[in-house]
Amino acid sequence: MPNCPCCAYPMLRHFHKGHLVWRCRHCWQEMPDLNSAQASILSYTSSLEKTVKKLVLV
């Protein structure tokens with residue numbers, strides 16, 4: 001169970017509108033699934049890096 005980035009209390013996993021979200025049991029803030037968000041950012045960054053390298057070599 002991850003901890004809330006706002007208050008460090010444990011969060012609970014919920015599904016909201018078909019998406020996985022985390023809700024803090026203390027401050028009741030809703031957080032996106034940070035693991036999947038980080039994975040998509042890393043994938044995008046890797047793809048962008050490859051594109052830039054191709055453009056630089058041309």
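To be clear, the structure that these remarks concern was listed above.
Below or above, wherever it landed, is the structure these notes cover. Only a predicted model underlies this, so the values are computations on that prediction, with no experimental measurement involved.

**Regarding the pairing of strand S2 (residues 19-24)**
- Here six bridges tie strand S1 (residues 11-16) to S2, and the two strands are oriented antiparallel to one another. Looking across to S2, one finds that Leu12 is bridged to Arg23.
- Of the pairings in the sheet, the one linking S2 to strand S3 (residues 30-32) comprises three bridges and is antiparallel in character. Paired with Trp22 across the bridge in S3 is Met31.
- Adjacent in sequence and paired antiparallel, S2 and S3 are bridged by five residues, among which Trp28 carries a positive phi angle near 60 degrees.

The rules we used
Residues numbered from 1 in each chain as written. Predicted model: local features only at pLDDT ≥ 70, side-chain atom pairs only at ≥ 80, totals over all residues. Heavy atoms only, no water. Pairing = 2+ DSSP bridges. Helix = DSSP H or I, 4+ residues; strand = E, 2+ residues; numbered from the N terminus.

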